[in-house]
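Results of the structural survey
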Amino acid sequence: MSTSARPAWPPRWWAAGVAWALWALALFGLAATAWFDHLLRQAGRPELAQLSGGGVAGVLSAVSAATAGAVLASHRPRNPVGWLLLTFGMMPQALSAAAEGYARYGLLVRPGTLPAAEQLATLSSSTFIPGLSLIAFILLLTPTGSLPSDRWRWFARVAAALPIAFLAAWLLAVPQPDPDSPLASISNPFAIAGLAGAGMAVAGVASPAIAVTLAVAAASLVQRFRRSRGGERQQLRWLGLVAALTPLVVFVTAAAIATGHLVLAGWALGLYLALLPLAIAAAIARYRLYDLDRIVSRTLGYGLLTVLLGLGYAAVVLGLGELLGRDSSLVVAAATLAVAAVFQPARRRIQQLVDRRFNRRRYDAARTIAAFSARLRDELDLDTLSAEVLAVVEQTMQPTQAWLWLRAPHEGSRAASASVARQRS
C-alpha cells in the first residue's frame, strides 16, 4: 500500500485542542467534586465528603496524570501513552469522583432532588478496576508507544478484553455494585434479573486477572529496560527515578498505617502516584535524559539511608526503652547520638554501592582518579606523567579532543613548551 493511501493523522492543532479540552473536563470533574463536598458539609454530613484528609492527595494524582497526558497528547499525538494518561486522570478519578459526590448528595442528603443519581452511583463504582487496566497499558507501551515485541500481542488482547468483561458483568448483573461505600444500600438500576450469579462469577475472575495484568505489564517494563540501548534506555531511567523512591514511600506508608496516621499514609501514596505520570511524560518527551544517573543514584542512596537510619533509630529507642523506660530522655538522646554517629559512614558506604550499580560512570571515574593519584606519588618521568594525565581525562570526562601544555622555564629568557595531544575518534 502506498503512503498516499494511508489514513492521514489529524493535524497537531486538532489533537492539541482535543487533549486540552479533555484536560479541562477533568478539572471540571474535580471542581464538581469539591462543590458537592461543600454541599455535604453544609447539610451536616461531613463524613460523606471525599476530599477530606488524604483525599487531596488523590486530586494531585488526577491533576498530574491529566496534565502529563494532555502535554504528551498535544505534542506527540501518535503515542498512545499520552491519551491513556489523560483518560486515567479524567475517567477513573476526576469524573468518577464527581459522579460519586453527585450520587451521595442526591441519594443520602436530598433524596429525589437530583435525576439519574442511582445510575451515576453505579457508573462511578465501576471505574476503579478498569483504571488498573489503563495503568497496565501505560506501563506496557512506555516509552515508545508500541509493544515490547510482537509476542506481547496476545497479552494486550487479553488485557483489553478483561475490563470489558468486568464492566459488562458489573453493570448488567451485579445487584449492589458498591457494598463497602456509603451507597451500599443502593440497587443497580442496570441489572438484569437472573444474571446475578453469572455476573458475580465473571467479576470475581476478572478483578484478580486485571491485577495480574498490571504486574505482568510492570515486568515487561523491566524486560524492556534490560534489552534497551541508547536513547530508549535513558528514557526508561526516568521511571527508574520513581522506582528509587519506592523503599522510602513503602516505609513511610507502613509506619503511618502502623501508628494510625492514615492521612499521612494517603498523602505519601498519593504524592508517589502523582510522580509516576510526570516521570513518564519526561521520558517520552526526552527531557534531560542524560542528567539522570546522578539524580537516580542520589535519590536511591538517600532513600535507603533514610529507611536504614529510621529502622536503626526505632531499634535503639525500643531496645533502650525496655531498660530505661520509654519516658526517659536518655533513650531519645542515645538514639539521636547513635544515628548522628553512623550517618556519614553509612551515607558514604550506601552511596558507593548505589553508584556501582546505578551510576557506573561516576563509580568508574572515581576509581580511575584514585588509581592515578596513587601512581602520581611515585611517577618522576615527565613524558609518562603527561600520557597518564591525558589517559585519565579521556577515561573520566571522555572529551572529543584533549591537549596538555607543560611550561618549563630555562635559565635564559625564553621558555620552552612541550605539548601532548590525544584525539578520540
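If you're wondering where the values come from, they're calculated on a predicted model, not measured in any experiment.

**Topic: the pattern of salt bridges**
- Per the stated rule, a full pass over the model turns up three salt bridges.
- Of the charged contacts in the structure, one is a salt bridge between R104 and E100, with a shortest N-O distance of 3.0 Å. Taken together, the residues R104 and E100, both in helix α3 (residues 80–109) and four residues apart, mark about one turn of the helix. Per residue, the accessibility class of R104 equals that of E100, and both read buried.
- The salt bridge involving R153 is made with D150; its shortest N-O contact spans 3.5 Å.
- Judged by its relative accessible area of 45%, R153 falls in the partly exposed class.

**As for the packing of aromatic side chains**
- Within this structure, the stated rule accounts for five aromatic pairs.
- Each ring, one from F166 and one from W170, has its centre 5.2 Å from the other, and the planes form 25°; the classification is stacked. Of the two residues, F166 and W170 are both situated in helix α6 (residues 153–172); the distance of four residues between them amounts to about one turn of the helix.
- A residue is classified by how much of its surface remains accessible, and F166, at 2% relative accessible area, is buried.
- In this structure an aromatic cluster arises from ring pairing among W152, W154 and F155.

**Let's talk about helix α1 (residues 12–42)**
- Across its 31 residues, α1 extends 45 Å between first and last C-alpha, which sits within 8% of the 45 Å expected from 1.5 Å per residue.
- What α1 keeps buried is the set A15, A16, A19, A26, G29, L30, A32, T33, F36, D37, L39 and L40.
- Among the residues trailing α1, G44 stands out with phi positive, at a value near 85°.

**A short note on unusual backbone geometry**
- Backbone torsion omega between T142 and P143 reads 0°, so that peptide bond is classified as cis.
- Positive phi is not limited to glycine here, since A116 has a value of about 60°.
- Residue classification places A116 among the partly exposed residues on the basis of a relative accessible area of 42%.

**Regarding the packing of α3 against helix α4 (residues 117–125)**
- In the contact formed by α3 and α4, the axes pass within 8 Å of each other and the chain directions differ by 140°. Relative to α4, α3 is oriented oblique. When the axes of α3 and α4 are compared, the crossing they make is left-handed. Residue-level inspection shows S96, A99, E100, Y102, A103, G106 and L107 of α3 in contact with α4, the latter providing A117, E118, L120, A121 and S124.
- Class assignment for the residues of the contact of α3 with α4 results in seven nonpolar, three polar and two charged.

**Some words on the confidence of the model for the protein**
- Confidence along the protein averages 76 in pLDDT terms, with 69% of residues attaining 70 or more.
- Considering only residues more than four positions removed or in separate chains, one finds that residues 1–7, a stretch of pLDDT under 50, has one contact.
- Between residues 411–425, whose pLDDT stays under 50, and residues either more than four places distant or in other chains, the model counts 32 contacts.

**Re helix α5 (residues 128–141)**
- In this model α5 runs 20 Å from its N-terminal to its C-terminal C-alpha over 14 residues, within 8% of the 20 Å that 1.5 Å per residue would give.
- In terms of residue burial, α5 counts as a mostly covered element, since twelve of its 14 residues are buried.
- When we look at burial in α5, the residues that qualify are I129, P130, G131, L132, S133, L134, A136, F137, I138, L139, L140 and L141.
- Turning to α5, the residues buried within the fold contact α3, α6, α7 (196–227) and α10 (262–284).

Quick notes on the rules
Residues numbered from 1 in each chain as written. Predicted model: local features only at pLDDT ≥ 70, side-chain atom pairs only at ≥ 80, totals over all residues. Heavy atoms only, no water. Salt bridge = Lys/Arg side-chain N within 4 Å of Asp/Glu carboxyl O. Helix = DSSP H or I, 4+ residues; strand = E, 2+ residues; numbered from the N terminus. Buried < 20%, exposed > 50% of the residue type's maximum accessible area, 1.4 Å probe, protein only. Phe/Tyr/Trp six-rings, centres within 6.5 Å; stacked < 30°, edge-to-face > 60°. Expected span 1.5 Å × (residues − 1). Axes fitted to C-alpha atoms, helices over the stretch in contact; angles between N-to-C directions. Parallel < 35°, antiparallel > 145°, perpendicular 65-115°, else oblique. Left-handed = near helix turned anticlockwise from the far one by under 90°. Contact = heavy atoms within 4.5 Å. Nonpolar A, V, L, I, M, F, W, Y, C, P; charged D, E, K, R; others polar. pLDDT = per-residue confidence, 0-100.

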